Amino acid sequence: MRIEEITIRHLKMPMKAPFTTSFGTVAEKELLLLEVKDASGTIGWGETVAFVAPWYTEETLKTTWHMLEDFLMPALLHKDIAHPDEVSTLFATIRRNGMAKASIEGAVWDIYAQQTKQSLAHALGGSKDLIDVGISVGIQSSTEKLLELIKVYVEKGYKRVKVKIKPGYDVEVIRAIRAAFPNLPLMADANSAYTLNDIEVLQQLDAFNLLMIEQPLAADDIIDHAKLQKQLKTPICLDESITSLEDARKAIELGSCGVINIKIGRVGGITEAKKIHDYCQQHAIPVWCGGMLEAGIGRAHNIALTALSNFVLPGDTAGSSHYWYEDIVTPEIVVEDGHIRVPQSIGIGYQPNLEIIDKLTISKKVYKG
Ligand SMILES: O=C(O)CCC(=O)C1=CC=C[C@@H](O)[C@@H]1C(=O)O
Ligand SMILES: [Mg+2]
């Protein structure tokens, strides 16, 4: 294939409820939607996951646009590509900026799946028909409110619940959840809010049979995570710390984690995500697919990736209606009894809904190189 034209749309999507973590709140999601057309007219779609502010990683919506416009699109447009794995080679001299790279690479995978007449999940080597789905619950104004929400999600059938923790909002919150839901598959995500000085607090969490504690320490620190893991019974799951296969290899060699959360955007694309998945499988490290409050295109890519066999833990791939009044794809993504059915039709298995996309678009630009 040869990419000839890319349309970037800047979308603003109202959220049903704000999402709060140890770092900040997202009340309205902004994203870039990429419509990528190859010489034969096949169209693939990609979605950026960087937030407006750099609190999760250093990328922002504006940096992704800058990287796409000034470096990534010029490197890709009008080049002959036999396989989407080659996109990362074209981008090899551009450091980091994984979310920008992933948005365009995801669209190329979509085109490839369509042209080889298979589902994206199948093109990636995935064979599951159903994936297990968990839910991520942001920080709430009170523990009562949190317990009420968890009850609703448990009744809806979600396969595990992840809650956000931060210093001062941790042991007592988890204790209350455990008391109300003794058998719930439960985990906590700290988004790097702790240091090794907090080890006693983190050790107290060992009493609650958590599936894992996600990213307790700094994003760029796998050494301290290795020290912490030696002193915790609960497996550590790394999120922000893993931006590439090399990061995963080093973290596993050091013993910094027992689980890895793979996010396509954070690791620079589906090809790298697959490599991390395969490496973890060879080293008996279970993985799951993290979420970035994606709209339908990003969510569809996550579902296809989760069809790979070492995604053995439920992912943060809630259904469209959890976050959105109206999603940008048809049919909307539905969770039933804690499962999503992996589309078996050609491509991503969902159609972009242009009417809704147009309604949410605040600016648009077409690039032909
Ligand atoms: O997309 C989802 O449903 C999961 C959202 C989620 O938990 C996160 C999204 C983005 C940043 C973080 O706050 C958090 C995470 O770290 O996994
Ligand atoms: Mg996380």
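If you're wondering where the values come from, they're calculated on a predicted model, not measured in any experiment. (Residues numbered from 1 in each chain as written. Chains lettered and ligands numbered in written order. Predicted model: local features only at pLDDT ≥ 70, side-chain atom pairs only at ≥ 80, totals over all residues. Heavy atoms only, no water.)

As a further point, take the pairing of strand 1 (residues 3–20). In the case of a regular strand, side chains alternate between the two sheet surfaces. Pairing geometry for strand 1 and strand 2 (residues 25–38), over 13 bridges, is antiparallel. When the bridges of strand 2 are listed, K12 appears paired with E30. (Pairing = 2+ DSSP bridges. Helix = DSSP H or I, 4+ residues; strand = E, 2+ residues; numbered from the N terminus.)

Take the coordination of the magnesium ion (ligand 2) next. Within the protein, D189 (OD), E214 (OE) and D239 (OD) serve as the donor atoms for the magnesium ion (ligand 2), at 2.2 to 2.3 Å. Positions of the donor residues of the magnesium ion (ligand 2) along the chain correspond to the pattern D-x24-E-x24-D. Here E214 is found in strand 8 (residues 213–214), whereas its partner D239 is found in the loop between strand 9 (236–238) and helix 9 (245–254), with 25 residues between them in sequence. For the pair E214 and D239, a shared accessibility class is recorded, and that class is buried. (Donors = N, O, S within 2.8 Å, 3.2 Å for Na, K, Ca; no water. Buried < 20%, exposed > 50% of the residue type's maximum accessible area, 1.4 Å probe, protein only.)

Let us look at the packing of helix 9 against helix 10 (residues 270–282). In the contact formed by helix 9 and helix 10, the axes pass within 9 Å of each other and the chain directions differ by 20°. Comparing their axes, helix 10 and helix 9 come out roughly parallel. Of the two elements, helix 9 crosses helix 10, and the hand of that crossing is right-handed. Here L245, A248, R249, I252 and E253 of helix 9 lie close against helix 10, whose contacting residues are E272, K275, I276, Y279 and C280. Its residues assigned to classes, the contact of helix 9 with helix 10 comprises six nonpolar, no polar and four charged. (Axes fitted to C-alpha atoms, helices over the stretch in contact; angles between N-to-C directions. Parallel < 35°, antiparallel > 145°, perpendicular 65-115°, else oblique. Left-handed = near helix turned anticlockwise from the far one by under 90°. Contact = heavy atoms within 4.5 Å. Nonpolar A, V, L, I, M, F, W, Y, C, P; charged D, E, K, R; others polar.)

Here, the residues flagged by UniProt with the feature "active site" (unreviewed entry) are K164 and K263. Relative to the assigned elements, K164 resides in strand 6 (residues 161–164). Along the chain, K263 turns up in the loop between strand 10 (259–262) and helix 10. The class for K263 is buried, based on a relative accessible area of 5%. Dropping the residues within four chain positions of it, K263 is found in contact with Y56, D239, G290, G291 and M292. Engagement of the side chain of K263 in a polar contact is seen with the side chain of D239, the distance being 3.1 Å. (UniProt positions renumbered as here; feature names shortened; annotations may be inferred. Polar contact = N/O pair within 3.5 Å; in protein donor to acceptor, adjacent residues only side chain to side chain.)

Further remarks concern the site of ligand 1. Among the 18 residues in the neighbourhood of ligand 1, the closest are listed as T21, S136, N191, L293 and Y323. Taking D239, its side chain carries an N or O atom lying 3.0 Å from an oxygen atom of ligand 1. For ligand 1, an oxygen atom lies 2.4 Å from a polar atom in the side chain of Y323. Protein chains shield 99% of the accessible area of ligand 1, which is 410 Å² for the free molecule. (Near = heavy atom within 4 Å. Areas by Shrake-Rupley, 256 points an atom, 1.4 Å probe, with all protein chains shown as cover.)

Along the chain, P14 falls in strand 1. Expressed as a C-alpha distance, the spacing of P14 and V201, which sit 187 residues apart in the sequence, is 36 Å. Every residue in contact with P14, bar those within four places of it in the chain, is listed here: E28, Y323, W324, Y325 and L360.

On to the pattern of salt bridges, then. Applying the stated rule across the entire model yields 21 salt bridges. E35 is the partner of R9 in a salt bridge, and the nearest nitrogen-oxygen pair spans 2.7 Å. Remark: E35 occurs in strand 2 and R9 occurs in strand 1; sequence separation between them is 26 residues. Owing to a relative accessible area of 15%, E35 belongs among the buried residues under this scheme. A single network of salt bridges, built from pairs that share partners, joins R160, K162, K164, D189, E214 and D316. (Salt bridge = Lys/Arg side-chain N within 4 Å of Asp/Glu carboxyl O.)

The next point concerns the UniProt feature "domain: Mandelate racemase/muconate lactonizing enzyme C-terminal" (unreviewed entry) in the chain. UniProt records the feature "domain: Mandelate racemase/muconate lactonizing enzyme C-terminal" (unreviewed entry) for residues 143–235 in the present numbering. Helix makes up 41% of residues 143–235 and strand 11%, and the two end C-alpha atoms of the span are 25 Å apart.

This part takes up the environment of A284. Its place among the elements puts A284 in the loop between helix 10 and strand 11 (287–289). The exposed category is assigned to A284, whose relative accessible area is 67%. Counting along the chain gives 32 residues from A284 to I252, while the straight-line C-alpha distance between them is 9.9 Å.

Grouped together as the largest cluster of nonpolar side chains are 124 residues, with contacts concentrated most on I3, I260 and I328. With near-sequence residues (within four places) excluded, I260 lies in contact with C237, L238, I242, A248, I252, I276, C280, I285, P286, V287 and W288. With six residues, the next largest nonpolar core counts M187, M212, W288 and L313 among its residues. (Core = buried A, V, L, I, M, F, W, Y, C linked by side-chain atoms within 4.5 Å.)

Ordered in space as 5-6-7-8-9-10-11, the seven strands form an open sheet in which the pairing is parallel. Edge positions in the open sheet fall to strand 5 (135–137) and strand 11, since each of these has one partner strand only. Note: strand 8 against strand 9, two bridges, orientation parallel. The residue of strand 9 that forms the bridge with E214 is C237. The sheet contacts of helix 6 (residues 171–180) involve strand 6 and strand 7 (186–189), and relative to strand 7 the element is tilted by about 165°.

Right, let's talk about the domain arrangement of the chain for a bit. Entries for the chain in the domain assignment read domain 1 (3–117 + 351–367) and domain 2 (122–341). Centre-to-centre separation of domain 1 and domain 2, based on C-alpha positions: 23 Å. Contacts between the two partners involve 42 residues from domain 1 and, on the opposite side, 41 residues from domain 2. Here domain 1 and domain 2 share an interface that buries about 3,400 Å² over both sides, 66% of which is from carbon and sulfur atoms. Broken down residue by residue, the surface that domain 1 buries against domain 2 is led by K16, F19 and Y56, which jointly contribute 21%. At the boundary of domain 1 and domain 2, one finds 19 residue pairs in polar contact (both at pLDDT 80 or more). It is helix 3 (residues 98–115) that contributes the most residues to the side of domain 1 that touches domain 2, ten residues altogether. Across the side of domain 1 that touches domain 2, the residue classes break down as 24 nonpolar, ten polar and eight charged. (Domains from an automatic or database assignment. Buried area = accessible area lost by both parts, 1.4 Å probe.)

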